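Analysis of the macromolecular model
If you want the building blocks of each chain, they are given just below.
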Amino acid sequence: MLDVIQDTLLDGLKLLPFLFLAYLAIELIEHHAGEKTEAVLRRSGRLGPVLGGVIGVVPQCGFSAAAANFYAGGVITRGTLLAVFLSTSDEMLPILIGESAPAGLILKLLAVKAVCGILVGTVVDLLSRREPKLCIEELCEEAGCKCEESVWKSALRHTIKIFGFLLLVTFCLNLVIDLWGAEHLAGFILNRPVVGELLAGVIGLIPNCAASVVLTELYLSGGMGVGALLSGLLVGSGVGLLVLFRMHRHWKDNLLTLVILYGSGVALGSLAGLLPIF
């Protein structure tokens, strides 16, 4: 147990400075471009899925939550909403950067998520008759966005929050590996081509940062393959789904969005995992 605690603390302390720098860079991007990207999304019209898929890969404060609010207010289409949900990566990017993952891997994951978001969003809009009403309502504050903070304070807040959660996740993983063995942990998901992707998709539905943290850490530790990772990350939309069900009172419509998100995320994640580029 002492060895597990020691390894967890050492791994966490090595990661801490890189995690802070990653969040600082993300906060700088958000503060300089966040409002502009949301304004572009509101005026996107039928190009919404394309813009949503591209913009969604850039980590921003509550962007998936803002997209859910825009959809609830009739500002964007379901396809645009799904494009944002599928392309957004929540905590994946800063964790991969902090863990010094290869730049090629990071770019491939982001590109696949953007392409999947654009593809699904475009198809959904082509099959749907729902047009945006263009009744713009700014509801970011209700989604818990604190974009008014300084970039340093916000980056530090995010770093402390995720660092604590990373320590907990890393401790649990190290403990399981120590008690169960790395091969058994990998076999639980990695050696189950269909079940692994389905389980990862369920994890992705968790409406907070926990989902992307767990998925990314499992992948980096060898506990799942890239297909399962992509399935979970594509389904994961941060707090977007939670905000959607809170702000949009049409539960049947929300369930349809949820079903499309989960089904397309798992299916496309599984297919993308078979690509020779990974």
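Check the entry above for the structure.
The sections below set out a description of the structure shown in this document. (Residues numbered from 1 in each chain as written. Predicted model: local features only at pLDDT ≥ 70, side-chain atom pairs only at ≥ 80, totals over all residues. Heavy atoms only, no water.)

Our focus in this paragraph is the packing of helix α3 (residues 63–72) against helix α12 (residues 240–247). Axis separation between α3 and α12 bottoms out at 8 Å; the angle between their running directions is 25°. Comparing the axis directions of α3 and α12 gives the class roughly parallel. Of the two possible hands of crossing, α3 and α12 adopt the one that is right-handed. Residues Ser64, Ala65, Ala68, Asn69, Tyr71 and Ala72 of α3 lie in contact with α12, whose contacting residues are Gly240, Val243, Leu244 and Met247. For the contact of α3 with α12, the per-class residue count stands at 7 nonpolar, 3 polar and no charged. (Axes fitted to C-alpha atoms, helices over the stretch in contact; angles between N-to-C directions. Helix = DSSP H or I, 4+ residues; strand = E, 2+ residues; numbered from the N terminus. Parallel < 35°, antiparallel > 145°, perpendicular 65-115°, else oblique. Left-handed = near helix turned anticlockwise from the far one by under 90°. Contact = heavy atoms within 4.5 Å. Nonpolar A, V, L, I, M, F, W, Y, C, P; charged D, E, K, R; others polar.)

This next bit is on a nonpolar patch on the surface. A grouping of Met1, Leu2, Ile5 and Leu9 is seen on the molecular surface, where their side chains present a nonpolar patch of about 430 Å² in accessible area. Relative to the helices and strands, Met1 resides in the segment before α1 (2–42). (Patch = residues over 30% accessible without salt bridge, like charges linked within 9 Å, V, L, I, M, F, W, Y side chains within 5 Å. Areas by Shrake-Rupley, 256 points an atom, 1.4 Å probe, with all protein chains shown as cover. Salt bridge = Lys/Arg side-chain N within 4 Å of Asp/Glu carboxyl O.)

In this section: the pattern of salt bridges. The full count for this structure, using the stated rule, is 1 salt bridge. Its salt-bridge partner being Asp253, residue Arg78 comes within 2.8 Å of it at the nearest N-O pair. A residue pair is termed long-range when its members are at least 10 positions apart, and Arg78 in helix α4 (residues 78–87) and Asp253 in helix α13 (residues 251–273) qualify at 175 residues. Taken as a pair, Arg78 and Asp253 share a single burial class, namely buried. (Buried < 20%, exposed > 50% of the residue type's maximum accessible area, 1.4 Å probe, protein only.)

As for its position among the elements, Asp125 is in helix α6 (residues 103–127). Of the polar contacts made by the side chain of Asp125, one reaches the side chain of Thr77; its length is 2.6 Å. Looking at Asp125, its side chain comes within polar contact range of the main-chain nitrogen of Gly79, at 2.9 Å. (Polar contact = N/O pair within 3.5 Å; in protein donor to acceptor, adjacent residues only side chain to side chain.)

With that settled, consider the nonpolar core. Counting residues in each nonpolar core, the largest one holds 45 residues, and the members touching the most others are Ile76, Leu81, Phe85, Leu109, Met224 and Leu244. Sorting the residues of this core by element identifies α3, α4, α5 (92–98), α6, α10 (210–220), α11 (226–235), α12 and α13 as the ones contributing at least two each. A total of 9 residues in this core trace back to one element, the largest contributor, which is α6. Discounting residues that sit within four places of it in the chain, Phe85 has contacts with Ser64, Ala68, Leu234, Gly236, Ser237, Gly240, Leu241, Leu244 and Leu261. (Core = buried A, V, L, I, M, F, W, Y, C linked by side-chain atoms within 4.5 Å.)

It is worth spelling out α12 at this point. Gly240, Leu241, Val243 and Leu244 are the residues of α12 that are buried. Buried residues in α12, looked at end-on, bunch into an arc of 160°, giving them a common side. In the core, the buried residues of α12 are packed alongside α3, α4 and α13. (Arc of directions from axis to C-beta.)

On the secondary structure map, Gly52 appears in helix α2 (residues 48–56). Between the C-alpha atoms of Gly52 and Val84, which are 32 residues apart in sequence, the distance is 4.9 Å.

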